[in-house]
Amino acid sequence: MFGIKISLFSGAKTLETKIDSFHDKVIDAAMMFNKSITTYLTEGRSENFKKHNKQLRQIEHDADQLRRDIENRLYTQNLIPDLRADVLELVENLDKVINRFDEVSYQFYIERPEIPEIYHVRITELVGQVTECAENMSIASRSFFRNFSSVRDFSQKVYFLEHETDLSSGHLKESIFDSDMPLANKIQLSTLIDEIENIADLAEDCVDELLIFTIKRDI
Amino acid sequence: MDLLFLFFLSSGLFLGWSLGANDAANIFGTAVGSKMLRFKTAAVVSCLFIIIGAVFAGGGTSATLNELGSVNALAGAFMVALSAALTVYWMVSSGLLVSTSQAIVGGIIGWNLYSGYETDIGILSTIVSSWILCPLLSGGIAVIVYLIIKNILHFSHIHLLRQDSYLRCGLLIIAAFGGYALGANNIANVMGVFVDSSPFQSIYIDGWYFSKTQILFLLGALAICIGIFTYSQKTIKTVGNNLMSMTPTIAWIIVFSQSLVLFLFASQSLKELLMEHGLPSLPLVPVSSSQAVIGAIIGIGLAKGGRNISWSTIGKIIIGWIATPLISAALCFISLFFLENVFQQKVYM
């Protein structure tokens, strides 16, 4: 009986560490994305940018492995049966955000968009908002496991930042289409801005579900 | 032990079997239904403690039933238990909430009326007041425990997965405590009426003394265990989820409150301790575990702001309170007449 008890606690402890590491990966991906796009804006497709892209891909790969491991352990060790489906969905949602960071950065690598310097500050600002939004989503999600009363506080920050990204991307696209750039460049830039902004939308969707999971978790 | 005794005892054993089949859902239904515990683990632990509770602590409630009506003929005891069992069966199939305790009390009153023995109104009013007190007490305990646990979870910041591990241990402990309380409190319903007519002899096993009543209670506890193993899994799947579709933490609180109430109404040593210190004590009366569970559910519902309270369930409880003892008493009275006059059995001394 004691053997069962010890294995029950150690299994939970291992999974606890893995879930924490997974949340770390979301923050790592957000920071690396910020670094990658800022490097692209200042240096173009430089060696540094390629290095950051590679690092981002590695984070995404590690996160995928962690996600599979978490899903596997939740089922094989029969942990939190009543909330298992919610936790799996939450982890999937977080993983989607990590994937988008990697995909958008890679899109910059592939498409090599020409971005006039006058837009650099506003794009940096937009990327900063998206990064912060994803970070707050990760903190909200982490709180779901430990301190679910603060999930709402961080979710509110996500909602605020998502709204800010909407405004920033709207103004940015407006000024791009007001410029003398060729239409092809305008459309390319506009699409990339949408892609960046969509990451905040994904974070918002994730937080929406998280709040429902929190209501379900509350006794 | 002759075959006739076994035949007459069968109604009590049947009552025990149905108690195990129905009431196990109250102890570990949600834990098994939500896959927090395996059925076999929960059932084995509960059964072990039901036997311990029944054999070592079942005397108190049984003595109270005996004070209400000392059924002194085996055929009479058979009919009291059978009337209770049939009432329970009929009420369950009619979708009404039923208590084995109320059915057996009704049966005993029916026997008293038929045999001409006087029913002790003082004891009867103690028993009836305990039926009202049981869900109220369970509800009160549930509210207090709910608020304590809610605050602990709010301020302790224990990881969800660790909470899950603690909860599993808690559910296993509560399956043991719930089993003990059920055995101690409800064995009187199953075997109480046979105490006076039991043909068993007291025995010594390895220096342990077992009275004839304890042997009788052991048989009753085994019948409850058979009910758990043969039928309760079905009950948990069908009825259990309707009654308790809730989180495992809430389920733990409900089972804890229910078990504590059953324990309070069954523990002789606690009663003596309270009386020694001049504190008010609870009577040792068999009470309904289902009604204790519903009291706890309503208590938590009120603590949460009165949402999701099924007032129709409360209506069913009240109907059950009134109807169960009346039907059982009437059925017992009529059946005793037939048993004595048609089958020529001695139903009272």
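The structure presented is a predicted model; accordingly, all values stated were derived computationally and were not measured.

The rules behind each value
Residues numbered from 1 in each chain as written. Chains lettered and ligands numbered in written order. Predicted model: local features only at pLDDT ≥ 70, side-chain atom pairs only at ≥ 80, totals over all residues. Helix = DSSP H or I, 4+ residues; strand = E, 2+ residues; numbered from the N terminus. Buried ≥ 20, exposed ≤ 12 C-beta atoms within 10 Å, placed from the backbone. Rg over C-alpha atoms; globule rule 2.2 N^0.38 Å. Contact = placed C-beta atoms within 7 Å. Nonpolar A, V, L, I, M, F, W, Y, C, P; charged D, E, K, R; others polar. Core = buried A, V, L, I, M, F, W, Y, C linked by C-beta atoms within 7 Å. Axes fitted to C-alpha atoms, helices over the stretch in contact; angles between N-to-C directions. Parallel < 35°, antiparallel > 145°, perpendicular 65-115°, else oblique. Left-handed = near helix turned anticlockwise from the far one by under 90°.

> Provide a residue-level description of the overall build of chain A, including the pertinent values.
Counting its secondary structure elements, chain A contains six helices and zero strands. Counting helices and strands in the order they occur from the N terminus, chain A gives α-α-α-α-α-α. With the principal axes as the frame, chain A shows a C-alpha extent of 75 × 35 × 20 Å. Among the 219 residues that make up chain A, the fraction classed as buried is 40%.

> Run through the overall build of chain B, naming residues and quoting values.
Within chain B one finds twelve helices and two strands. The order of α-helices and β-strands along chain B, N terminus first, is α-α-α-α-α-α-α-β-β-α-α-α-α-α. Here the C-alpha atoms of chain B give a radius of gyration of 20 Å, agreeing with the 20 Å that 2.2 N^0.38 yields for 349 residues. If one aligns the C-alpha atoms of chain B with their principal axes, the spans along those axes are about 70 × 50 × 45 Å. In chain B, buried positions account for 58% of the 349 residues. For chain B, contacts bridging at least 24 residues in sequence account for 87% of all contacts bridging at least 6.

> Provide a residue-level description of the environment of F200 of chain B, including the pertinent values.
One can find F200 of chain B in the loop between α7 (160-191) and β1 (203-205). C-alpha of F200 of chain B to C-alpha of Q214 of chain B: the two residues are 14 residues apart in sequence and 9.5 Å apart in space.

> Describe the interface of chain B and chain A, and please don't skip the residues or the numbers.
With 20 residues of chain B at the contact, the number on the chain A side is 17 residues. Elements that contribute at least two residues to the side of chain B that touches chain A include exactly α6 (121-156), α7 and α9 (248-264) of chain B. Examining the composition of the side of chain B that touches chain A, we find that seven residues originate from one element, α7 of chain B, more than from any other. Grouping the constituent residues of the side of chain B that touches chain A by class yields eight nonpolar, seven polar and five charged.

> I'd like a description of helix α10 (residues 268-276) of chain B, backed by residues and values.
The buried fraction of α10 of chain B is low, at zero of nine residues. Of the residues trailing α10 of chain B, G278 of chain B is marked for its positive phi of about 70 degrees.

> I'd like a rundown of the nonpolar core, residues and numbers included.
Looking at soluble globular proteins, one finds that nonpolar side chains tend to be buried together. In terms of nonpolar packing, the biggest core is built from 123 residues, with A77, V80, I108, A175, V261 and F265 of chain B touching the most fellow members. Take this core: its biggest share by element is 15 residues, from α7 of chain B. Judged by nonpolar contacts, the second largest core, of 59 residues, contains F49, I70 and I193 of chain A together with L161 of chain B.

> Which residues make up unusual backbone geometry, and what values go with them?
Its identity is not glycine, yet I80 of chain A carries a phi of approximately 30 degrees, on the positive side. Considering the arrangement of structural elements, one finds I80 of chain A in the loop between α2 (47-76) and α3 (84-111). A positive phi angle is found at D206 of chain B, which is not glycine, with a value near 50 degrees. By the secondary structure assignment, D206 of chain B is in the loop between β1 and β2 (208-210). Its 4 C-beta neighbours within 10 Å are what place D206 of chain B among the exposed residues.

> Outline the packing of helix α5 (residues 151-178) of chain A against helix α6 (residues 183-217) of chain A, listing residues and values.
To characterise two packed helices, one gives the angle between the axes of the helices and the distance between these axes. Residue and element names in this part refer to chain A. Their axes nearest at 9 Å, the elements α5 and α6 cross at an angle of 165 degrees. What the angle tells us is that α5 and α6 run roughly antiparallel. For the element pair α5 and α6, the recorded crossing hand is left-handed.

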